[in-house]
Structure formats: structure tokens, C-alpha cells
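Residues per chain, in single letters:
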Amino acid sequence: MQITVSVNGESHVRDVEPRLLLTHFLRDELRLTGTHWGCDTSNCGACVVRLDGVPVKSCTVLAVMADGAEVTTVEGLAHGRTDADLDPVQEGFMVCHGLQCGFCTPGMMLTSRALLDRDPAPSAATIREAISGQICRCTGYENIVRSVQWAAAKEAATRDAADADTDSSEALA
Amino acid sequence: MTAIGEKGVQDPSVQIHAAEETPRGYGSMKRKEDARFVRGRGQYVDDVVLPGMLHGAVLRSPLAHARITSIDTSAAEAHPKVHAVITGATLEGLGLAWMPTLSQDTQAVLATDKVRFQGQEVAFVVADDRYAARDALALIDVEYEPLEPVIDAKRALEAGTPVIRTDKEGKTDNHIFDWESGDRSATDAVFAEAEAAEDQLVVVQDMIYPRVHPAPLETCGAIADMDPVTGKLTLWTTTQAPHAHRTLYALVAGLPEHKIRIISPDIGGGFGNKVGIYPGYVCAVVASIVTGVPVKWMEDRSENLMSTSFARDYHMRGEVAVTRDGRIRGVRVHVLADHGAFNATAQPTAFPAGFFGVFTGSYDLEAAHCAVTGVYTNKASGGVAYACSFRITEAVYLIERMVDVVAHDLGMDPAELRMRNLLRPEQFPYQSKTGWEYDSGDYPHTLQVALDKAGYQELRAEQADRRRRFADAQRSGAGPAGTAGEPVKLMGIGLSFFTEAVGAGPRRSMDILGLGMADGAELRVHPTGKAVLRVSCQSQGQGHETTFAQIVAQELGLSPDDIDVVHGDTDQTPFGLGTYGSRSTPVSGAATAMVARKVRERAKIVAAAMMEVSADDLEWDDGRWQVAGDPDASRSMADIAMAAHSNLELPEGVEGHLDATCVYNPPNLTYPCGAYICVVDVDPGTGAVDVRRFVAVDDCGMRINPMIVEGQVHGGLADGVGMALMQCIAFDLDGNCLGGSMMDYLLPTSLECPSWELGETVTPSPHHPIGAKGVGESATVGSPPAVVNAVIDALAPYDVRHADMPLTPAAVWCAAQGHPLRPDLGIT
Ligand code: FES
Ligand code: FES
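How each quantity is defined
- Residues numbered from 1 in each chain as written.
- Chains lettered and ligands numbered in written order.
- Predicted model: local features only at pLDDT ≥ 70, side-chain atom pairs only at ≥ 80, totals over all residues.
- Heavy atoms only, no water.
- Core = buried A, V, L, I, M, F, W, Y, C linked by side-chain atoms within 4.5 Å.
- Buried < 20%, exposed > 50% of the residue type's maximum accessible area, 1.4 Å probe, protein only.
- Helix = DSSP H or I, 4+ residues; strand = E, 2+ residues; numbered from the N terminus.
- Domains from an automatic or database assignment.
- Contact = heavy atoms within 4.5 Å.
- Axes fitted to C-alpha atoms, helices over the stretch in contact; angles between N-to-C directions.
- Parallel < 35°, antiparallel > 145°, perpendicular 65-115°, else oblique.
- Buried area = accessible area lost by both parts, 1.4 Å probe.
- Salt bridge = Lys/Arg side-chain N within 4 Å of Asp/Glu carboxyl O.
- Polar contact = N/O pair within 3.5 Å; in protein donor to acceptor, adjacent residues only side chain to side chain.
- Nonpolar A, V, L, I, M, F, W, Y, C, P; charged D, E, K, R; others polar.
- Phe/Tyr/Trp six-rings, centres within 6.5 Å; stacked < 30°, edge-to-face > 60°.
- Lys NZ or Arg CZ within 6 Å of the ring centre and 35° of its normal.
- Pairing = 2+ DSSP bridges.

## Comments concerning the nonpolar core
The nonpolar side chains of a soluble globular protein tend to be buried with one another.
Then, number 1: Of all hydrophobic cores here, the largest spans 211 residues; its most connected members are Phe124, Phe356, Val372, Trp436 and Leu725 of chain B.
Then, number 2: A total of 12 residues in this core trace back to one element, the largest contributor, which is helix H9 (residues 392-410) of chain B.
Then, number 3: Each of two domains, domain 1 (1-76) and domain 2 (81-173) of chain A, supplies a minimum of three residues to this core.
Then, number 4: Dropping the residues within four chain positions of it, leucine 725 of chain B is found in contact with Val689, Val691, Val787, Val791, Pro806, Leu807 and Thr808 of chain B.
Then, number 5: If you look at the next biggest cluster of nonpolar residues, it comprises 40 residues, including Ile563, Ala603, Ala641 and Cys662 of chain B.

## Quick word on the packing of helix H14 (residues 584-611) of chain B against helix H15 (residues 637-645) of chain B
All names here are of chain B.
Then, number 1: The N-to-C vectors of H14 and H15 enclose an angle of 75°; their axes lie 9 Å apart at closest approach. Between H14 and H15, the angle is such that the two are roughly perpendicular. Mapping the contact onto sequence places Arg600, Ala603, Val606, Ala607 and Met610 in H14 and Met637, Asp639, Ile640, Ala643 and Ala644 in H15.

## Examining the interface of chain A and chain B
Then, number 1: Across the contact, 54 residues belong to chain A and 62 residues belong to chain B.
Then, number 2: For the chain A face of the interface with chain B, the top three residues by lost area are Met94, Arg128 and Arg137 of chain A, together amounting to 17%.
Then, number 3: Linking chain A to chain B there are six salt bridges.
Then, number 4: With a shortest N-O distance of 3.3 Å, aspartate 46 of chain B and arginine 27 of chain A are connected by a salt bridge.
Then, number 5: Counting every contact that joins chain A to chain B gives 28 residue pairs in polar contact (both at pLDDT 80 or more).
Then, number 6: Put simply, the parts of the chain that give the side of chain A that touches chain B at least two residues each are helix H1 (22-29), helix H2 (88-95), helix H4 (124-130) and helix H5 (142-172) of chain A.
Then, number 7: With five residues, H5 of chain A is the largest single contributor of residues to the side of chain A that touches chain B.
Then, number 8: Residue composition of the side of chain A that touches chain B, by class: 24 nonpolar, 17 polar and 13 charged.

## As for the packing of aromatic side chains
Residue and element names in this part refer to chain B.
Then, number 1: Using the criterion set out here, one finds 23 aromatic pairs over all chains in the structure.
Then, number 2: Judged by centre distance (5.9 Å) and plane angle (80°), the rings of tryptophan 98 and phenylalanine 342 are edge-to-face. Remark: phenylalanine 342 occurs in the loop between strand S16 (328-338) and strand S17 (367-375) and tryptophan 98 occurs in strand S4 (residues 98-100); sequence separation between them is 244 residues.
Then, number 3: On the basis of relative accessible area, phenylalanine 342 is assigned to the buried category, the value being 1%.
Then, number 4: Aromatic rings pair up to connect Phe351, Phe355, Phe390, Trp436 and Tyr580 into one cluster.
Then, number 5: We note arginine 36 situated over the ring of phenylalanine 37; from NZ or CZ to the ring centre the distance is 4.9 Å.
Then, number 6: Positioned over the ring face of tyrosine 580 is arginine 583, at 5.5 Å from the centre of the ring.

## Digging into the domain arrangement of chain A
Residue and element names in this part refer to chain A.
Then, number 1: Parsing chain A into structural domains produces domain 1 (1-76) and domain 2 (81-173).
Then, number 2: Spacing between the C-alpha centres of domain 1 and domain 2 amounts to 23 Å.
Then, number 3: Around 1100 Å² of area is buried between domain 1 and domain 2 when both sides are counted, 62% of it from carbon and sulfur atoms.
Then, number 4: If you sort the residues of domain 1 by the area they bury against domain 2, His36, Arg50 and Val74 come out on top, with a joint share of 43%.

## Examining the sheet that holds strand S29 (residues 660-664) of chain B
Residues and elements named next belong to chain B.
Then, number 1: Taken together, the four strands give an open sheet; going across it, the order is S25-S24-S23-S29, and neighbouring strands pair in mixed fashion. Looking at the sheet topology across the chains shown, the edges are occupied by strand S25 (563-566) and S29. Each neighbouring strand pair of the sheet contributes to a mean axis angle of 15°, computed without reference to strand direction.
Then, number 2: Taken together, the five bridges between strand S23 (residues 519-525) and strand S24 (residues 531-535) define a ladder with antiparallel strand orientation. Across the sheet, alanine 521 pairs through a bridge with valine 535, a residue of S24.
Then, number 3: The strands that H14 touches are S23, S24 and S29; relative to S29, the one it contacts most, it runs at about 145°.

## Observations regarding the pattern of salt bridges
Two side chains bearing opposite charge may form a pair once their charged atoms approach each other closely.
Then, number 1: With the rule as written, the count across this model stands at 75 salt bridges over all chains.
Then, number 2: Ionic pairing is found between aspartate 173 of chain B and lysine 171 of chain B, a salt bridge with its closest N-O pair at 3.1 Å.
Then, number 3: Under the relative-accessibility criterion, aspartate 173 of chain B is labelled partly exposed at 33%.
Then, number 4: The exposure class of lysine 171 of chain B is partly exposed, given its relative accessible area of 22%.
Then, number 5: The network of salt bridges with shared partners includes Arg27 and Asp28 of chain A together with Asp46, Asp47, Arg130 and Lys296 of chain B.

This is the structure:
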């Protein structure tokens, strides 16, 4: 079957077997190996990507279901190559030691990004709830929670600074 | 501020380190490896694609014990995308149907005569892609003649039980080994006295440490690439011990060792699961030889859980001789060790039960003895995996559970009982009654720090209040539901105090298959003062690229950012036994410090030549060689490195350049310790356990990167909660694995884990170059008894003395009703 999928803003046309999983489409066809695979039963979340903005387990989505959709993978989180281009969630994971082996990390970060997009100041309990469908075998979760909170705080500070800018420019006008 | 420890609530009093500015040495800094991981640019085995690569898949046995009567592969071979089908018969022709295990037993690569556990490897298909390879598995026709399986370890030695290892000539039973440690007669004498004396007693308890699986998030796999022209095999594989694997492949496959290169790229967690060599790896190698192109094999999750190294499966009887005022005199232990169908446990040769001999724990005893019997059963082989430091997990669980049983029988507070019996600081170095020399520690202090941090007295007061309310509710007939309609939850407080023995090990007593447990390090300092360190250990997430750079930085006055760490490629790194049993920092970390010191001494001679002074006049100060008493006359490592490569006339004793190599032979193990306190709430109506708080005070000696150390502890605590409450690879009596997927083998999520509260004490190891003791496995070892002790403590109103892990709601509820379960057999 021919499908057209936009991944991280780039459109791809491919002929695929109907049974091909989105995980394998991303990994094997597009060579975007940041999306991982960790279980047979949709339990681990190593494969989480965003499908039209919604975090999904890509091992439980057929590639053909993504036809016409916009997929975001970990490779699409940063805006560029430098450290300054990293998403605050990526920075938070680095500062707060939210990863060890890094295998769960892409999925955890995408879920966290989606959470912050809808709830910019989540409580620790909300963060735990959001990532509760995913397994991390290394971190014991605490530092993932802190990483997301770090990102939320950074984004709040950025927003405050932007508001202050607008305020001051309004005052000038 | 919200209440301390409420789940998911961050409390500022919780000690936690985040990354700071990059230090010139020790301190919390961002991990160097994270830059690639957060961008999705890590490179795990399955991310590697080689030109022309084919894909392999393993056909596995559906039965636990059966004779293979025929295998028909013709339909699979006829599949248009299939290149080869390999069976035991193919391997027999190559002399590879069986391979040696790490315990000097043999293990079937592909079954020839019989299958001996559910999930055992029977055939290997090589096809164009992973889907086609799995399609073809369904086309292989195997006929089995079922045999009676041996599942309950307690029945393995009974007369009339079928013999599993009929492949071993003359084998008439399922016995593997008997091993003992300690002084039997001295111990028996203490117990005889205790039994006779009015003021003493003997406390006995049976317990099972059930089979669990490490389940790293990345499963195991390999890509074998045999170059038909050069005869060189490159094997990309998920291994924690690349050099040991290279030697083993040379022995297994008869390949010359210089023609084998093992590359272990980024590893998605190991926890011991990636120490052994699995049949799938060997099949990939054979497949690459047969097809002449690279072959990738990645197992799926069920294959990982059902066939690769499990952990524990120890059936233990603990006995403690104790005076009625709480002085522990002796400990006696009997263990039945279920090793599965092949004895493939990975421990030093002379230690068939690993380091279980440290079961005397952290206490000053008069005598101790244990006897361990290993048996074959129709279950997956492996063993001694899962962050256990060679069976220390089992030993610590045994002694820490026994101490609580003693406290229960004596009616004594478990903290007080521990305080009374802990080793005192002046007893170090301490010779244990089973022959271990504990290097250092201040146990009472560490325990006190934990008690203070937890607010132990307040917790006990709160518990007393809860118990009163629970009793009131019971009396008033409201039952567990409580009077106010809200269930009165039972509160439990559990302690453990563990001593680990890690950093294996001294070569005179410890080897794996004849390989001494030393590790090498090689350090190159480039002319501009940037350095490359090459080490034999292999990170699976521990952050070696950062920590080891920090060790070099600390020794040489460089920035860790200017030091690259190379690991995981046998062609590029010196020999060493790898990463498991918390041995990286104790062994490779020591090698790193020693090699950096060699460089520093060499640099001293060069610096003296540069400044035209005697080397004896120089002192090392703040990262520079300086003329004593003259701070203006000094040279940095970068200055010296350039000079060492220049045309400077070099004095005697240096050949030019600063590079050095080193092999570190540990003189002793290191002995980290810790005091853990767990607080749980148990719903008496459902048996559900909620871990409310977990206080962990670890003493791992010197901390190189405190942020990373805390991360290691966090992960281990989650593991401990998981093993205590959820994880279990159980089997039904037909030998069906009941934990073969993540649906059935429950791993802790963010909701089962509390916000960990950490503390520390620091007692450096006196024999380690930087005083570090290793921490990777401490929390996995120390936490399960704390959780179990807490749950049993919560059940005091039901007078429960013991219940076996995992303490699922059903297990807790049944224990409270007086009907304990056998969770390992899936019997409810
Ligand atoms: S691989 Fe998708 S949930 Fe595990
Ligand atoms: S960092 Fe290893 S699984 Fe999460």
C-alpha cells in the first residue's frame, strides 16, 4: 500500500506491507532509530511518538494508519543542532538526570512534551500519571518527574520574560 | 508546603543533586553521553544496519520437557524470502550443538535430543527481513513426545523424579552441586546451647526468594558479520562483558581470538541480563558463516523473559540462635537453589552459590554456616543475573528477614535489635565468620542517620495510633472498612541494613572460566592536553563516559569535557572482565585512577626538565606540577603534554609522550553498606500495598558524581519495590511460564514508586585508590527486605510472621487470612 506520512515536518511516500507497524516504518524504512521497541504487548512505551500531536505507542499503530498524518519523533524535538536548540524537556532530562541507559527516554520525553503542551504547570502527581503507561527500568522515575518540572519551570520563566517584554513595550507605547 | 513523602510530592529536604557547572574532577555534572540520548541518536544494537544484512528468528519449544522425534524444515526453506534454516542437526555437524556455560556445565544451542524448558531454542531461520523470518518459523514442523516436567525445586531430588540432563553420561538424578561455607560444628554447638538454655532461643523461618527477571528495556540481540575473506568476525552485541565474550567465542566456536571483534554499542539496560552468551548469538554467528553476509538477531520481549538469565529462585531455611535480650549468636542456613535446565550461572569459579556466604550480614556473630544444594529443573537457565552482586541479594534478604522474624518472636523493636547487633566501627577491618574481610564502615552511624531522616519515633507513634483505630473499627464491627466509611489502612514500617561485597575480585581467589577478575585501562594524553581513556568495562546506562572522565580529570587537573572515554569495543580497549556485580568503579575506576597517576608521575619528570629543576623539588598542586614554595614556577598538564611531544631534551625515565597503561588487580572486595526504611499503607480489605515513603541512606565510600550515584540508588529502589510487590516468573506444574510477557510479569511504574528520600554517610574504602566502593546494585540488594518487612509489620494485627514475595494484593490478603501462597508455582 502506498502511504504518505509527514514525519517531523518532512513528507515521506512509501509502499508498505499493510501489517507493517509504525515503529518499524520509522526505524527500518526512515532510519529514525530514536523510536525504540521494548515489548510485544503495548506495555512499555519505548515506542511512543506523537501522531497528530497525540502521544501513541507506535508498536500498536499500523504504518498505514498514519497515512496523511503528522508524526513527531524524538528526532523532531529539538529545533536545530546546538544545545540552545534543545527542547526544554530535553534540557530538563539532562540537568535532572532523567535518563540512564536512554532507552525509554525518547518515549518519556514525547509524552512529557505533550503533557506540558496541554498543562504547562503539572503537579508531580499529574506527571506520574502521564508517564504511568511507560516503563523505565533505570531511573526509578523520580528524576523523570523532576526533569519535567524543570522544563515546566523554564518555560514559565520564558513566558514571564516575554510577558514582561510585552508589558514594557506597551508601557513605552 | 505539602506533607513529606506524600507520593509524587517534591520535598526540598529530599537530598537530590542536579547537574551543575562542569567541575575539574568530582561533582554533579551533566552526563556526557546524554547529548546523544536526548536527541534519539544513541546507537543500540538494533539501530545498526549493515549492507546486505539478513534477519534471524528463533523457533522455541512450547513444552517444558519433551523428546524431539522429528523436525521438518522443508516448508520454511521453500519460503521465497528464507536463506537458511539451522537446526540442532546442522550445529551437530559443526560441533556446536552444545556450548560451555559460565559454570562449567554445557547448554544446548539448538535442541537435538530433548527440550528442557518452555522457550528453549529449537531452530533458527534466516530471512530477508524480520517479518519474513517470523513467518517462516510457523512453517517449521516439530514433533515432540512429551515427558513429565520437573517444576517444583523441592521435588527435583525426590526418588522417581525424571532425570532432566540425560545428555550427561551416567547422570541419574537432578543434583548439580553441594556447597557450604562457615564452620558447621561451631555453629551447631552454638545452636545446641541456645536450644538448651532458658535465656536463649532458636528462631526458624522458611522463605522463598522467587524467580525474577532483570527485564532491561532493550532485549538481547546481536549482529554477526563474518568476513569471508579476512576470516574476521565482528559481533555487535548486547553484552556487559565484551572481552570475556570474545574469549568465550574463541573457546566455543574455535575461532582464533585475534579474529574476533566484539562491539557492544549503547546498551539499553543490563542489570546482569547481558552477562551470559545466549544461543541466539551463537546462531547469528553460524548463520553469518553459512550465508556469507551479516545476520541480525533481536529477541522479542517474551523470548527475553522466558529464555534468558533469570535471577534468584532460592528456597531458604534460616535459623538464628539468639539470647532473649536480643543478642544474635549464630546463623544457620539451608538453601535449595533452582538453577533451571542448564547450570549457566555467572559467578566466580570457586563460588557455585556466588557470594551467598555473606549471609552473616552486618552483624557480629559467634558462628555461622550455610549449605547450598543446586538442582536442575525444567526452567530456563542462567541465574545470578539482576543486580545481585552474585547472590548477595538473596543473602541480604535472608538475614534481614530473619532479623525481623527474631524481633517479632522477641517482641522487640527491629531498629533496636539491629543497633544491638551491628558491627562497631572499631571492628573494621572485620573478618566475618564465613571468611570475608569487610573493609570499612560505621554501621550504627549509618543506621542512626536513616532513623533520624525517617523520623522513626514519630512513625512508630503514628502507627500505634493507626493500630488503635483499626482495633476500634474491628471491635465496633465496622471491619476493615472502618467506622467513618473510609478504610483504616494498616501502616507498616520496615527496615533493612545491608552489607554488600562488590568489585570482584582478587585474582588469587576469583576467576570466571579461568579468567582472573582484573580490568585494564589505557590513557593517552594528546599534545594539546586533551585525553582519551580506554576501559574494559561497559556502561549499560551507568554513565561511565562521564564518571571515568571525572576520575581522570580529578587526577590530572583537566576538565572532564576534555577527556573522551572509549569502551565497548574489544579492538579498541584493553582486556578486562566488564560491568556487573557493581564492579566498574571498584575495579575499572581504580584502574583509571592508577593509570592517570602513572601519567602524572611521567608528567612530573617532563615538568622538571621543562623548568630545569629536580623532579624531587616538585609538588602536585591544584592540577599543576609546581616548584615547592614557588607558585609562579609551575606547569599545567596541557603545557607538559605539549613538551612531552616536542623536541625538549628528555631526562632518564621518559620515552616521550605521556601515555600509560595499567591493569588493576583488586586486593580485596569493597563493602558498601546502607540503612533503608520503608513505610507502607496496606488496605486490609484488598491486600493492596502502597509504598508511602522510602528512606535510603547509602554508604558507598567516595562519590565521584553524586547525581549519578543517586540515580543508581533510585533505580535499584524501584527494582526492590518491584520484586517485593509485583515481579515474579512463576510456572504452572506443566512448566508453562506464567511471566512471559509484560502483561504477566509486572514491572513497577511511576505510580508504584514513591518520591525516594536519600541520605548518605561516607566511609572510604581503605584499599581502593580513590576510596570508592561501587553502588550500582546496592539499592536492589538492600530494598526488598525493607519493603517486605514493612508489609509484614503492617499485618501485625493479623499476627503474620512471614509471607513470600511478591506481596501482591492476593498474597497479602491470603497471608492476613492465615493461608500463605506459593507465588513461584502460581498456586492461589
Ligand atoms: S514497544 Fe510499544 S509499548 Fe512496548
Ligand atoms: S533510562 Fe533506561 S529504561 Fe529508562
